Amino acid sequence: MRKKVISMIIVLCMIMTLLPAMGLAAEDTAYAVTGGNIYFDKLTGAIVDADEDITAAVIPGEIDGTAVTAIGDGAFNGCGNLQSVTLPWGVKSIGTSAFNSCENLAAVTLPESLETIG
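For the structure given in this document, a descriptive report is provided here.

Rules used in this analysis
- Residues numbered from 1 in each chain as written.
- Predicted model: local features only at pLDDT ≥ 70, side-chain atom pairs only at ≥ 80, totals over all residues.
- Heavy atoms only, no water.
- Helix = DSSP H or I, 4+ residues; strand = E, 2+ residues; numbered from the N terminus.
- Buried < 20%, exposed > 50% of the residue type's maximum accessible area, 1.4 Å probe, protein only.
- Pairing = 2+ DSSP bridges.

Turning our attention to unusual backbone geometry. Peptide bonds are, in most cases, trans, and in most cases residues other than glycine have a negative phi. In this model, aspartate 64 sits at a positive phi of 50°, which is unusual for a non-glycine residue. Positionally, aspartate 64 belongs in the loop between strand 5 (62-63) and strand 6 (66-67). The exposure class of aspartate 64 is exposed, given its relative accessible area of 54%. Phi angles above zero are rare outside glycine, and serine 97 is one such case at about 55°. You can call serine 97 partly exposed: its relative accessible area is 41%.

Put into structure tokens, the structure is as follows:
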């Protein structure tokens, strides 16, 4: 019985040491653009957020070795100073309200790979 308890404690300790690494993997990656950062989720391949002060965003085809394939729902929501966005080849979808409240957005370059716009 004592060996089982010790074994279970060891297994729990091993699991606990993995939790911080798993949490880091879920964090979004910041990528610098004009006026601030956009935020990329490496697990989904999507741009998921942006600093409200950005003025232009030329998004690369890859961020940290992961292909950019989507602009998430509300990703640029509230970026009132945003004037231009260039999306790379490989982006297949733009989520719902991705550019909501971007009243100064005057130029968007869309790739031929784009399949859906929310």
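Turning to the sheet that holds strand 2 (residues 36-41), a few remarks are in order. The six strands are arranged 1-2-3-7-9-11 in an open sheet whose pairing can be described as mixed. Since the sheet does not close on itself, it has two edges, and those belong to strand 1 (29-33) and strand 11 (116-117), each with one partner. In terms of strand pairing, strand 3 (residues 46-50) meets strand 7 (residues 70-71) through two bridges, oriented parallel. Bridging from a neighbouring strand, alanine 46 pairs with alanine 70 of strand 7.

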